[in-house]
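Chain by chain, the residues:
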Amino acid sequence: MAEKIRIVWYTDPHNVWCWGCEPAIRRFEVLYPDSVEIETRMGGLFEDFSPVREQWARMSGGRWKDSVLAFFEAVAAQHRMPMDAERMTHNVDDFDSTWPACLAVKAAELQGRERGRRYLRLLREAWTVEGRGIHRTSVQEGVAAEVDLDLGTFEAAIQDGSAERAFRRDREECRDLVITGFPTFVVDYAEESLRLEGWQPWEVFDDALQKLDPELRPGRIGTTKVSVRSLLQRYGRCATREVAAVLGATDDDAEIILEELEGEGEVLRRPVGNGLLWELRGAGSSREIA
């Protein structure tokens, strides 16, 4: 079997720029299943958010949540993934650190890489789409139930220190590679390696893969209702931007197909902020491991 390109994604569940990378991740999963493997590392964006909150409060005359809201809206406008910025901002009063959510992801990963990846995705959705406080234990456990994790094992991994040790290893890897911002991607193939820092559209990732392996080509699926229906069956729900990334199409072209399916009664739209999520009618939000 040919060697796979290895992509390591250094991330944080709270990071809204990382949420913008999900279209590229789904493009990898669907179009490069046999040639690309993805791993994640939890970088830990803020151990203590208090200094940032205090700085924003000084800059805004005490209205620090207005600064947070403006930041969220600006990020969403750039990466075009759906974000309920107002609801997210409403749930930050007791937020002190991103580390508890990182620990929860590591606890989930101890039950298998695929479950860990699915948990991370749904944790991001809980935060950006639903505005739930993923720093809270109750939300972390609720998402664990949605992914069908063994809740007792999940809780034990956090309480006995095994999740913390795994998180510490991720942090040490970030330190060794001098990774201080998220998202950061390290892409390795054969004897070559490259790094992508900050949010990037999916086209940039395709170009990076081509540089490492000029013979590599993504798989192709038709820009059709059948393809879009299959994508929604696989993932449960997708943003317009994600459908576009997998199809290799514009957001407008993807939305036309989604609206056709909606008109035929097959698909439901869910407005979130300035974006849209789509799911098959009657399917609800799929919680199976993809």
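I will try to describe carefully the structure that is included in this document. Keep in mind it's a predicted model, so treat the numbers as computed, not measured. (Residues numbered from 1 in each chain as written. Predicted model: local features only at pLDDT ≥ 70, side-chain atom pairs only at ≥ 80, totals over all residues. Heavy atoms only, no water.)

If you tally the helices and strands in the protein, you get 14 helices and seven strands. Computed over the C-alpha atoms, the radius of gyration of the protein is 19 Å, within 12% of the 19 Å expected from 2.2 N^0.38 for a compact globule of 290 residues. Seen through its principal axes, the protein has C-alpha atoms that stretch 50 × 45 × 40 Å. Counting every position in the protein, which comprises 290 residues, the buried fraction comes to 51%. Relative to all contacts within the protein whose residues are 6 or more apart in sequence, the contacts with residues 24 or more apart total 72%. If you sum the accessible surface of the protein, you get close to 13200 Å²; carbon and sulfur atoms cover 47% of it. A distance of 1 Å separates the average location of the 38 positive side-chain charges in the protein from that of its 53 negative side-chain charges. (Helix = DSSP H or I, 4+ residues; strand = E, 2+ residues; numbered from the N terminus. Rg over C-alpha atoms; globule rule 2.2 N^0.38 Å. Buried < 20%, exposed > 50% of the residue type's maximum accessible area, 1.4 Å probe, protein only. Contact = heavy atoms within 4.5 Å. Areas by Shrake-Rupley, 256 points an atom, 1.4 Å probe, with all protein chains shown as cover. Lys, Arg positive; Asp, Glu negative; His and termini not counted. Charge placed at Lys NZ, Arg CZ, Asp CG, Glu CD.)

Two elements in contact, helix α2 (residues 22-31) and helix α13 (residues 240-247), have axes separated by 8 Å at closest approach and are oriented at 40°. Accordingly, the angle class assigned to the pair α2 and α13 is oblique. For α2 against α13, the interelement crossing comes out right-handed. From α2, E22, P23, R26, R27, V30 and L31 reach across to α13, where they touch R241, E242, A245 and V246. A per-class count over the contact of α2 with α13 returns five nonpolar, no polar and five charged. (Axes fitted to C-alpha atoms, helices over the stretch in contact; angles between N-to-C directions. Parallel < 35°, antiparallel > 145°, perpendicular 65-115°, else oblique. Left-handed = near helix turned anticlockwise from the far one by under 90°. Nonpolar A, V, L, I, M, F, W, Y, C, P; charged D, E, K, R; others polar.)

Further remarks concern the sheet that holds strand β1 (residues 5-11). Taken in spatial order, the four strands make up an open sheet running β2-β1-β3-β4, and their pairing is mixed. For this open sheet the edge positions go to β2 (36-42) and β4 (192-197), each flanked by a neighbour on one side alone. Put simply, the sheet's adjacent strands are angled 20° from each other on average, direction ignored. The strands that helix α7 (residues 113-128) touches are β1 and β2; relative to β2, the one it contacts most, it runs at about 60°. (Pairing = 2+ DSSP bridges.)

The terminal C-alpha atoms of helix α10 (residues 162-176), which comprises 15 residues, lie 21 Å apart, in line with the 21 Å expected from a rise of 1.5 Å per residue. Tucked into the core, α10 has its buried residues touching β1, β2, α6 (99-109) and α9 (151-159). Count one or two residues on from α10 and you reach V178, which has phi positive near 55°. (Expected span 1.5 Å × (residues − 1).)

For L31, the location among the structural elements is in helix α2. Residue classification places L31 among the buried residues on the basis of a relative accessible area of 7%. For the pair L31 and L247, spaced 216 residues apart in sequence, the C-alpha to C-alpha distance is 9.2 Å. If we skip the residues at most four places from it in the chain, L31 touches P218, G219, R220, I221 and V246.

Next up on the list: unusual backbone geometry. That bond from F182 to P183 is cis: its omega, 0°, falls within 30 degrees of zero. Along the chain, the position of P183 falls in the loop between α10 and β3 (184-189). The residue R80 is not glycine, and still its phi comes out positive at about 70°. You can see R80 is positioned in the loop between α4 (64-79) and α5 (85-90). The backbone of V178 shows a phi angle near 55°, a positive value even though the residue is not glycine. Mapped onto the fold, V178 is located in the loop between α10 and β3. In this structure V178 comes out as exposed when scored by relative accessible area, which is 60%.

For the largest pocket, the calculated volume is near 570 Å³. Surrounding the largest pocket, 24 residues form its lining, E29, I38, R113, E114 and R117 being those nearest its centre. Those elements giving two or more residues to the lining of the largest pocket turn out to be α2, β2, α6, α7 and α12 (225-235). Of the residues in the lining of the largest pocket, the class split is eight nonpolar, two polar and 14 charged. The calculated volume of the second largest pocket comes to roughly 380 Å³. Lining the second largest pocket are 21 residues, and of these M81, V272, G273, N274 and G275 sit closest to its centre. For the lining of the second largest pocket, the elements supplying multiple residues, two or more each, are α4, α5, α13, α14 (251-263) and β7 (275-280). Ranked by the residues each element gives to the lining of the second largest pocket, the list is headed by α4, at four residues. Residue classes in the lining of the second largest pocket are distributed as ten nonpolar, four polar and seven charged. (1 Å grid on protein atoms, 1.4 Å probe; cavity = no way out; pocket = protein on both sides within 12 Å on 5 of 7 lines; lining within 4 Å. Points joined across faces, edges and corners; volume = space filled by probe spheres on them.)

By themselves, these figures tell us nothing about what the structure is for.
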